[in-house]
Amino acid sequence: MAEHVEAAAPQQIDPEDAKIVTLARASRARNGAAEGAAVRDTDGRTYAATTIALPSLRLTALQAAVAAAVSSGAEGLEAAAVVTDADSVDADSAAAVRDLTSTAPILRADARGDVVGVLSN
């Protein structure tokens with residue numbers, strides 16, 4: 001798997017990307033989860049999810065959002081966002097996004113919803 005390096009957040013965030021950050025942040029807050037994530041597919045539909053930590057199933061928030069998109073018929077992603085306290089996007093989370101696209105940016109935001117880094121290919 002190719003290594004992805006996180007770049008600093010751009011000064012201006014695309015309004016559509018800001019929407020998925022807001023969705024991810026709201027999902028995280030609503031569920032009190034460790035992470036919240038959202039993705040936008042190539043048709044413009046969005047999917048949000050949080051960390052899943054069941055005895056029989058463990059998914060990062062981004063894996064869960066990608067799974068929701070795929071189960072709804074998404075064939076590709078335009079962008080992804082994860083709201084987390086972590087210093088980087090988990091490798092398994094990035095891999096789930098890269099399974100559908102090699103070019104979509106993955107935005108990492110803090111609890112306030114401020115984008116602090118972007119993974120791109």
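Residues numbered from 1 in each chain as written. Predicted model: local features only at pLDDT ≥ 70, side-chain atom pairs only at ≥ 80, totals over all residues. Heavy atoms only, no water.

Novice: Whenever I open this one, the overall build of the protein confuses me. Can you help?
Specialist: Across its full length, the protein holds three helices and eight strands. When the helices and strands of the protein are listed from N to C terminus, the series reads β-α-β-β-β-β-α-β-α-β-β. With respect to the principal axes defined by its C-alpha atoms, the protein has extents near 40 × 30 × 25 Å. The buried share of the protein, taken over its 121 residues, is 42%. If you take every contact in the protein between residues at least 6 apart in sequence, the share linking residues at least 24 apart comes to 59%. Each charge class in the protein can be summarised by its mean position, and for the 10 positive and 17 negative side chains these summaries are 6 Å apart. (Helix = DSSP H or I, 4+ residues; strand = E, 2+ residues; numbered from the N terminus. Buried < 20%, exposed > 50% of the residue type's maximum accessible area, 1.4 Å probe, protein only. Contact = heavy atoms within 4.5 Å. Lys, Arg positive; Asp, Glu negative; His and termini not counted. Charge placed at Lys NZ, Arg CZ, Asp CG, Glu CD.)

Novice: Honestly, the side chain of Thr 50 in this entry has me stumped. Any pointers?
Specialist: Of note, Thr 50 is situated in strand β3 (residues 46-50). Since its relative accessible area comes to 11%, Thr 50 is described here as buried. Apart from the residues within four sequence positions on either side, Thr 50 is in contact with Ser 27, Arg 28, Asn 31, Ala 33, Glu 35, Gly 36, Thr 60, Ala 61 and Ala 64.

Novice: Would you take a moment to explain the packing of helix α2 (residues 61-71) against helix α3 (residues 91-100) for this structure?
Specialist: Geometrically, a packed helix pair is captured by the angle between its two axes and the distance between the axes. Relative to each other, α2 and α3 sit at 20 degrees, their axes nearing to 8 Å. With respect to each other, α2 and α3 are oriented roughly parallel. Crossing handedness for the pair α2 and α3: left-handed. In contact with Leu 62, Gln 63, Val 66 and Val 70 of α2, α3 contributes Asp 92, Ser 93, Ala 96, Val 97 and Leu 100. (Axes fitted to C-alpha atoms, helices over the stretch in contact; angles between N-to-C directions. Parallel < 35°, antiparallel > 145°, perpendicular 65-115°, else oblique. Left-handed = near helix turned anticlockwise from the far one by under 90°.)

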